[in-house]
Amino acid sequence: MTIACNLRRASALGVVLMAAGLAACGTDPFGETPVPACPRTFLPSDTAQITEFREKGRDLTDVVFEAGFEGYTGECSYDLEDKTLDILISPKFSARMGPAASDRSQHLQYFVALKNPGGEFVQKSVFDVDLTFPKDADRVRYTDEQVSFACAAGRR
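Residues numbered from 1 in each chain as written. Predicted model: local features only at pLDDT ≥ 70, side-chain atom pairs only at ≥ 80, totals over all residues. Heavy atoms only, no water.

Help me out: how do you make sense of the overall build of the protein chain in this one?
What the protein chain contains, in helices and strands, is zero helices and nine strands. In the protein chain, the succession of α and β elements from N to C terminus is β-β-β-β-β-β-β-β-β. With 156 residues in all, the protein chain has 41% of them scored as buried. Partitioning the intrachain contacts of the protein chain with sequence separation of at least 6 by distance along the chain shows that 66% fall at a separation of at least 24. As presented, the protein chain carries roughly 9,300 Å² of accessible surface, and 47% of it is formed by carbon and sulfur atoms. (Helix = DSSP H or I, 4+ residues; strand = E, 2+ residues; numbered from the N terminus. Buried < 20%, exposed > 50% of the residue type's maximum accessible area, 1.4 Å probe, protein only. Contact = heavy atoms within 4.5 Å. Areas by Shrake-Rupley, 256 points an atom, 1.4 Å probe, with all protein chains shown as cover.)

Dropping the structure here:
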């Protein structure tokens, strides 16, 4: 799946990529553009976990499910012809059914966002995940398909 420039708010798990090398590429004395660095990736603590409660409850017995990031795998490469940084990331989650779960299938959302060197969000997309808990387990681990984006590396 490809990230679009879709800036919407969501109550979701989140991954943020800090693009330190984007739009900060200079030139060397020989006229060639240096390859920008891959973005630094981090999981903000306020979006690393999510708990869903039933209706108005906030007690432990009202927990439908809990989920959190376990990490991610990823890579990035620089396309010399297009002068773009291509980024691939596969988020990994773990989830636990709570006592208020009425179904073994649960739905959650997560976002992946890209910030420019000034700290402003330039890309953000929200993705849906449907989890199914096996009959004999109340915990699952899940790796989502790769999320990809290409970022133009500009010159100063």
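Any chance you could explain the pairing of strand 6 (residues 105-115) here in plain terms?
Regular strands show a simple pattern: their side chains alternate between the two faces of the sheet. Within strand 6, eight of the 11 residues are buried, which leaves the element mostly enclosed by the surrounding structure. Bridge count for strand 6 against strand 7 (residues 121-132) is 11 bridges, and the pairing is antiparallel. Each residue of the ladder has a partner; that of His 107, found in strand 7, is Asp 130. Count of turn residues in the strand 6/strand 7 antiparallel hairpin: five residues, of which Gly 119 carries a positive phi of about 90 degrees. (Pairing = 2+ DSSP bridges.)

Just checking my understanding: could you explain the packing of aromatic side chains for this structure?
Given two aromatic rings, their pairing is described by the distance between the two centres and the angle made by the two planes. Under the definition given, this model contains five aromatic pairs. Plain terms: the ring middles of Phe 69 and Tyr 110 are 6.4 Å apart, the flat faces sit at 85 degrees to each other, and that makes the pair edge-to-face. Taken together, the residues Phe 69 in strand 4 (residues 63-79) and Tyr 110 in strand 6 connect sequence positions 41 residues apart. Taking the relative accessible area as the measure of exposure, Tyr 110 reaches 0% and is therefore buried. Following the ring pairs from residue to residue traces out a cluster consisting of Phe 69, Phe 93, Tyr 110, Phe 127 and Tyr 142. The ring of Phe 111 has Lys 124 lying over it, and the distance from NZ or CZ to the ring centre is 4.5 Å. (Phe/Tyr/Trp six-rings, centres within 6.5 Å; stacked < 30°, edge-to-face > 60°. Lys NZ or Arg CZ within 6 Å of the ring centre and 35° of its normal.)

Even after reading the chapter, I still don't get the state of the cysteines, so can you show me in this structure?
Note on terminology: a disulfide is the covalent bond linking the sulfur atoms of two cysteines. Within this structure, the stated rule accounts for one disulfide. The partner cysteine of Cys 38 in its disulfide is Cys 76, sulfur to sulfur 1.5 Å. Its S-S torsion of approximately -70 degrees makes the covalent link between Cys 38 and Cys 76 left-handed. Remark: Cys 76 occurs in strand 4 and Cys 38 occurs in the loop between strand 1 (13-18) and strand 2 (40-42); sequence separation between them is 38 residues. Judged by relative accessible area, Cys 76 falls into the partly exposed class, the value being 23%. (Disulfide = S-S within 2.5 Å.)

Help me understand the pattern of salt bridges in this model?
Opposite charge on two side chains permits pairing when their charged atoms draw close. Inspection of every chain in the model, using the stated rule, returns three salt bridges. A salt bridge links Glu 66 to Arg 96; the nearest nitrogen and oxygen atoms lie 2.4 Å apart. Of this pair, Glu 66 sits in strand 4 while Arg 96 sits in strand 5 (residues 84-97), placing them 30 residues apart in sequence. When its relative accessible area of 27% is taken as the criterion, Glu 66 is described as partly exposed. Close ionic contact of Arg 141 with Glu 70 constitutes a salt bridge, the shortest N to O distance being 3.9 Å. In this pair, Arg 141 is assigned in strand 8 (residues 139-143) and Glu 70 in strand 4, connecting sequence segments 71 residues apart. Residue classification places Arg 141 among the exposed residues on the basis of a relative accessible area of 69%. Taking the relative accessible area as the measure of exposure, Glu 70 reaches 44% and is therefore partly exposed. (Salt bridge = Lys/Arg side-chain N within 4 Å of Asp/Glu carboxyl O.)

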